[in-house]
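# Close look at the chain arrangement
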Amino acid sequence: MSLFKARDWWSAVLGEGEEFDQGCLCVGDVDNSGSGCDKVVVGSYMGMLRIFAPHASKPAEQTVADAQLLEVQLRDPIIQVEVGKFVSCSELLHLAVLHPRKLSVYAVSGTAGNVEHGDQYQLRLVYEHNLQRTACNMTYGPFGGVTGHHFICIQSMDGMLMFFEQESYAFGRFLPGFLLPGPLCYCARTDSFITVSSTRQVECYRYETLAVATDADTRQDSEQQSKSSGKRLAAEWLLVLGEQALDIYVPSASPMASSIFVLGERNLFCLRDSGQIRFMKKLEYNPSCFLPYASVSEGTTNVLLGNHNNMLLVYQDTTLKWAAQLSCVPVAVRVANFLELKGLVVTLSSEGHLQCSYMGTDPSFFTAPKVEAREVNYDEVDAEMKALHKVIREATKNQDIIPKAEAEDDLTVTAIVSSSLDDVSQALIPEMNDMAVPSVKVKIKVSCRSALQSPKLSVCVQPPLAVTQDQFVLDSLGSGSQVVVAFSAFLNGHYTPADLTGDIAVSYSSPTGVPRVAQCKFVLPLRLVCCPTSASKNSKYKITVDTNKPPVNLNEVFPEFVAKAEDKEGNALAFQFIAGSRVTVLASKTSQRYRIQSESFEDIWLVAKELVQRFDRHFAKLGVKDFRNSFSGPIPLAEYFETVDHHFELRVNAQKYQDLLSERAVQFRAIQRRLLTRFKDKTPAPLQNLDTLMEGTYRQVIALADAAEENRACLVQAFSRLRSATHLLILLVSLWQGLSAEQTAILEATLLPLLQDTPQLGWEESVDAAVSHLLRTCLSRSPKDQAISLSTMQLSMPKDTSRLKKHITLLCDRIGKGGRLSLSSEANVPTPVMLPAACETMPEPIAEQEEEDPALQQEATAKFIKKKQPSKKVKSKTESSKEKKEKDSGKESKKDPTKEKESKKDSSKDSKESSKESSKESSKESKKEKKESSKEKESTAEPLKEKTKVSKKPSVKVKEKKKESEAGDG
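How each quantity is defined
- Counting from 1, residues in each chain are numbered in the order their sequence is written.
- Two thresholds apply to this predicted model, a pLDDT of at least 70 for residue-level local features and 80 or more for giving and counting side-chain atom pairs, whereas whole-chain, interface and lining totals are computed over all residues.
- Calculation of side-chain values draws on the structure's entire complement of heavy atoms; hydrogens and water are dropped beforehand.
- Helix and strand labels come from DSSP, where a helix needs a run of H or I of at least four residues and a strand needs a run of E of at least two; each type is numbered from the N terminus.
- Throughout this description, buried means an accessible area under 20% of the type-specific maximum (1.4 Å probe, protein chains only), exposed means over 50%, and partly exposed covers the range between.
- Note on contacts: a residue pair qualifies if any of its non-hydrogen atoms lie within 4.5 Å across the two residues.
- Here a polar contact is recorded for every N or O atom pair within 3.5 Å, except that within protein the pair must consist of a potential hydrogen donor and a potential acceptor, and residues adjacent in sequence are included only if both atoms are side-chain atoms.
- Between any two strands, at least two bridges found by DSSP are needed for them to pair.
- Where helices are involved, their axes are fitted lines through C-alpha atoms of the stretch in contact, as for all axes, and angles between N-to-C directions lie from 0 to 180°.
- Roughly parallel means an angle under 35 degrees; roughly antiparallel, over 145; roughly perpendicular, 65 to 115; everything else is oblique.
- Put simply, a crossing is left-handed when the front helix is turned counterclockwise from the back one by less than a right angle, and right-handed when it is turned clockwise.
- Under the scheme applied here, ten amino acids are nonpolar (Ala, Val, Leu, Ile, Met, Phe, Trp, Tyr, Cys and Pro), four are charged (Asp, Glu, Lys and Arg), and all others, including Gly, are polar.
- Like-charged residues within 9 Å of one another, or nonpolar side chains (Val, Leu, Ile, Met, Phe, Trp, Tyr) within 5 Å, are grouped into patches, provided each residue has over 30% relative accessible area and no salt bridge.
- Only the protein chains shown count as covering a residue, and every accessible area follows the Shrake-Rupley method with a 1.4 Å probe.
- Only one rule defines a salt bridge in this text: a Lys or Arg side-chain nitrogen within 4 Å of an Asp or Glu carboxyl oxygen.
- Under the counting rule used here, the positive set is Lys and Arg, the negative set is Asp and Glu, and His together with the chain ends is not counted.
- All charge positions are set by atom: Lys at NZ, Arg at CZ, Asp at CG, Glu at CD.
- Here the expected length of a helix is defined as 1.5 Å per residue gap, with one fewer gap than residues.

In terms of regular secondary structure, the protein chain is built from 19 helices and 44 strands. Expressed as a percentage of the 970 residues in the protein chain, the buried residues total 43%. Within the protein chain, contacts between residues separated by at least 24 positions form 59% of all contacts whose residues are at least 6 apart in sequence.

In structure tokens form, the structure reads like this:
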């Protein structure tokens, strides 16, 4: 906080392993020397009592022994030390030492030495009091207004105030409502004691009230006597602080005549003698101690405040005047006067660092040395500048948001999946569909280069897969050590997973304290979810994968599935999914094709993916570099849309169940309120079958809840099947058009934006927004359309899936026509290419409907509106024409498109088509399109006759507008 440091005038480190606290420090002329110099008295919890007389000396001659006057080992721990007039027959200052079960008063005397050893000091016990209760703290002062003497008040741990009038015990009183002891202070101005109770409020008790209150030996006696007879002890005033207090101080100097200072955990309070708040200062740090003292300004108070940031702050009321850095955290602070210097700050830390310091700055006498002049080598400077520019260019070339990992991480994670299944399965469901559920063992090796403290390892697999243990807390790792953990993965649901990959994350803190995460992936074997079976000849769904190399033996590609294979030549292989259907792979004997067929469309995904990957690995081992998989089409969109509709239907059912549950719950609560009102009524009234109605409603709520829960389980399975079908569609599109890895990743992020469905955000609306964005940007038909940005709207569940199907169909059509997927701002316009013969093109009606969609074709709509405004020559021609066909089409072309839509709601579709055709015909008569007019008229002559028949039946308002327009033209 501050650049200034407290200047060390004198310091000492007291003992080794000793502990000190707030009351272990006091200053005063304890030996009554009369010189006006204070001595520093320090007591520790180990029972060591030390007295110092600090003085300034040269650094070479400064030693602690020169300033130490006395060091005595007492038998009991020292809780607090104070200097005051504690002896009745003397007005000299004595030292009071508080122990847990004893109060001792000592006299400190010094004898002048006749030799060079110096003065000698002695500690003499004057009197002591054995306490019946364990002491917590004490305070002293002229209780009751006595002069020339000080009495002592000790607060016990059980809330009793014990008063001692010097050598004799006076009385004891229990504080009401006491739980834990707090700081205690005596205010001589009002002759009262101030403390902070465990209820976090300041309490003030007058000495007179304490003296006349009922005496008791125990708290129970005090409570009973206060209720039966005698005066009950009550506080003079209370003030709620809202936080625990660390210390209380009542200064006695004249400028602060009516101030009581309370140091809280987060605030500094200044109170008046009546308990009202004078001011309060909110602290931005944790305070440790404080000391108010007289200020040079009238009406203000200075406060020395130490905190746990090793800072000593000086406040004038609420204004910070100075801040100094200390070498340790102070637990006690005092101001003392010595011969050489007045007003030194004495601080004591909990470890025993005693320091006398002053606040100020020392001038710096440092002067920078002269730099030797040297000749500049401009060639070296140019070479260095070029090297720096090269480094800057390399650094700014790839500005990734995510920082790149270091070349050598502190921790590396490696996953090893066993090549064979477990002998004893660890699956929670031992059998599904009369087939045993296997499990496979996965080992994780964690290696570290430096020492790490308790890293945590997490395992994540996609449902319905599960693991025996998904959380591991590793032991602390040393530098270069390695640890291995193992778990088993298995199928834990009655449906096929969409992904066999798992993720492992290890979270740890680097040696510098920076949190890090190390990740790795593992792939579970296909044998975990399926087993070999006999091949089937016919199936409902079939997919053909082409290659550019001769067919291979399937038994060599899938060696683990050869056990039950009937075909020895390796032309057929079948996979029976444990929680799914049978998938058969057939290899053509004459061509280079492989057919994958199954009764379930989504079950083909895992086998097709495994087949393509194993073909790549097989031919890579043989050294074939130009091997390529392909798909000749058509894309099975109809089969894919069946899975989409099934998933959307379950989402709609879930929403219906939720609405019905809400209605029945409202009805149930309303019936309950009615019944409760009837039961509370003093005059009983008939229930009017409310109990029967409530029972029926309760049964409906339970039935709806069960149905909703069953629908939720079906929705989870449907989403997993939808993910499998989407993965298969992405694979087929990438093989169909030969997409790169980057384009395939974009397509996968577009069609699979979610790992799971939520009631707030579902798959359909997310995919629709992502596909629409691609159709407007990188897959748009013209560069102008790419400037149209995605409208910012809140995603919500659509009414149906027709729009989503239309967009996905258009997406496949644009990709098939050469569109390139890209996330860069400079999207590429698709170039015309020749489509494969077997490719399934998009029907024209769907394309026209998509162009009419205002959400995707805003600019095309604008062009369409412009074309519907003919020139004056065209208007005159259309009005002078006697044919009804051209006359009606000309009148329709004059109307505004928005008004035309409102006036023709009943026949919107036909009227839009007729207006579109008529506007095209009118625009073709212009000079710019004379060459195409003859061909267009021949092709649109017959449709115009049919469509104008529909448009001859306008509404009454349209007829009136026509008459007004003809009258205006006339």
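Let's pick the thread back up.
Residue proline 464 is bonded to the preceding proline 463 through a cis peptide linkage, with omega at 10°. Tracing the backbone shows proline 464 in the loop between strand 33 (456-461) and strand 34 (465-467). Of note in the backbone geometry, arginine 200 takes a positive phi value of approximately 65° without being a glycine. Mapped onto the elements, arginine 200 comes out in the loop between strand 15 (192-196) and strand 16 (201-206).

Along the chain, arginine 614 falls in helix 6 (residues 604-621). Exposure remark for arginine 614: the relative accessible area of 11% places this residue in the buried category. Within the structure, arginine 614 has its side chain in polar contact with the side chain of glutamate 560 (distance 2.5 Å).

Taken together, the 4 strands give an open sheet; going across it, the order is 14-15-16-17, and neighbouring strands pair in antiparallel fashion. Sheet topology places strand 14 (184-187) and strand 17 (237-240) at the edges, where each strand pairs with a single neighbour. Recorded for the sheet is a direction-independent mean angle of 20° between the axes of neighbouring strands. Relative to strand 17, strand 16 is paired through 4 bridges, and the arrangement is antiparallel. Residue pairing across strands places glutamine 201 opposite valine 240, the latter belonging to strand 17.

This part takes up the packing of helix 7 (residues 637-680) against helix 11 (residues 802-816). Remark: helix 7 packs on helix 11, axes separated minimally by 11 Å, with the N-to-C direction vectors making an angle of 150°. Viewed along their axes, helix 7 and helix 11 adopt a mutual orientation that is roughly antiparallel. The handedness of the crossing between helix 7 and helix 11 is right-handed. Contacts between helix 7 and helix 11 involve Leu637, Tyr640, Phe641, Val644 and Asp645 from the first element and Leu804, Lys805, Ile808, Thr809 and Cys812 from the second. Residue classes in the contact of helix 7 with helix 11 are distributed as 7 nonpolar, 1 polar and 2 charged.

Moving on: a negative patch on the surface. Together, Asp379, Glu380, Asp382 and Glu384 make up a negatively charged patch on the protein surface. Inspection of the secondary structure puts glutamate 384 in helix 4 (residues 378-397).

A few words on the side chain of asparagine 137. By the element assignment, asparagine 137 lies in strand 10 (residues 135-141). Under the relative-accessibility criterion, asparagine 137 is labelled buried at 12%. Here glycine 182 takes part through its backbone oxygen, which lies 3.1 Å from a polar atom of the side chain of asparagine 137. The residues touching asparagine 137, leaving out its near neighbours within four places in the chain, are Gln80, Leu98, Cys153, Ile154, Gln155, Gly182, Pro183 and Leu184.

In this section: the packing of helix 8 (residues 690-737) against helix 11. Closest axis-to-axis distance for the helix 8/helix 11 pair is 10 Å, and the angle between their directions is 20°. Judged by the angle between their axes, helix 8 and helix 11 are roughly parallel. Here helix 8 and helix 11 pass one another in a crossing that is right-handed. Contact residues: helix 8 offers Val733, Trp736 and Gln737, while helix 11 offers Cys812, Ile815 and Gly816. Here the contact of helix 8 with helix 11 is composed, by residue class, of 4 nonpolar, 2 polar and no charged.

Another point: the pattern of salt bridges. Oppositely charged side chains may form a pair once their charged atoms are brought near each other. On inspection of all chains with the given rule, the structure shows 22 salt bridges. Between aspartate 76 and lysine 102 there is a salt bridge, and its shortest N-O distance comes to 3.7 Å. Of the two residues, aspartate 76 is situated in the loop between strand 5 (68-73) and strand 6 (80-84) and lysine 102 in strand 8 (residues 102-111); the sequence distance between them amounts to 26 residues. According to the relative accessible area criterion, aspartate 76 is partly exposed, its value standing at 29%. Ionic pairing is found between arginine 189 and aspartate 273, a salt bridge with its closest N-O pair at 3.0 Å. Taken together, the residues span a long stretch of sequence, with arginine 189 in the loop between strand 14 and strand 15 and aspartate 273 in the loop between strand 20 (267-271) and strand 21 (277-282) at a distance of 84 residues. A relative accessible area of 34% means that arginine 189 is categorised as partly exposed. A single salt-bridge network, built from bridges that share partners, covers Glu18, Arg50 and Glu71.

Between the first and last C-alpha of helix 11 there are 21 Å, a value that for 15 residues agrees with the 21 Å anticipated at 1.5 Å per step. Burial of helix 11 is extensive: 11 of the 15 residues sit out of reach of the surface. Among the residues of helix 11, Leu804, His807, Ile808, Thr809, Leu810, Leu811, Cys812, Asp813, Arg814, Ile815 and Gly816 are the ones counted as buried. Trailing helix 11 by a residue or two, glycine 818 shows a phi angle of about 105°, which is positive.

By the secondary structure assignment, proline 497 is in the loop between strand 36 (482-491) and strand 37 (501-509). Beyond its immediate stretch of four places on either side in the chain, proline 497 contacts Pro463, Pro464, Leu465, Leu491, Val529, Leu606, Ser720 and Ser724.

Hydrogen bonds between backbone atoms are what pair the strands of a sheet, whose relative direction is either parallel or antiparallel. What the 4 strands build is an open sheet, ordered 29-32-36-34; its pairing is antiparallel. Here the strands that pair on one side only, and so sit at the sheet edges, are strand 29 (411-421) and strand 34. Averaged over neighbouring strand pairs, the angle between their axes works out to 30° when direction is ignored. Examined bridge by bridge, strand 29 and strand 32 (residues 439-448) share 8 bridges and lie antiparallel to one another. In the sheet register, isoleucine 416 faces strand 32, and the bridge partner there is lysine 443.

Now for a nonpolar patch on the surface. A cluster of nonpolar side chains, contributed by Val376, Tyr378 and Val381, occupies part of the molecular surface with about 310 Å² of accessible area. Note on placement: tyrosine 378 falls in helix 4.

When the terminal C-alpha atoms of helix 10 (residues 763-776) are compared, their 20 Å separation across 14 residues agrees well with the 20 Å that a helix rising 1.5 Å per residue should span. Summarising burial for helix 10: 11 of the 14 residues are buried, a large majority. If you check which residues of helix 10 are buried, you get Trp763, Glu764, Glu765, Ser766, Val767, Asp768, Val771, Ser772, Leu774, Leu775 and Arg776. Structurally, helix 10 contributes buried residues whose contacts are with helix 7, helix 8, helix 9 (741-751) and helix 11.

A few words now on the pairing of strand 24 (residues 311-316). For strand 24, a buried count of 6 out of 6 residues is recorded, marking the element as mostly surrounded by other parts of the structure. Where strand 23 (residues 301-307) meets strand 24, 5 bridges bridge the pair, whose relative direction is antiparallel. Paired with leucine 305 across the two strands is leucine 313, which belongs to strand 24. Here strand 23 hands over to strand 24 after 3 residues, with asparagine 310 in that stretch at a positive phi of 60°. One ladder, built from 6 bridges, connects strand 24 with strand 25 (residues 319-325); its direction is antiparallel. Paired with valine 314 across the bridge in strand 25 is tryptophan 322. What sits between the antiparallel neighbours strand 24 and strand 25 is a turn of 2 residues, in which aspartate 317 has the positive phi angle 60°.

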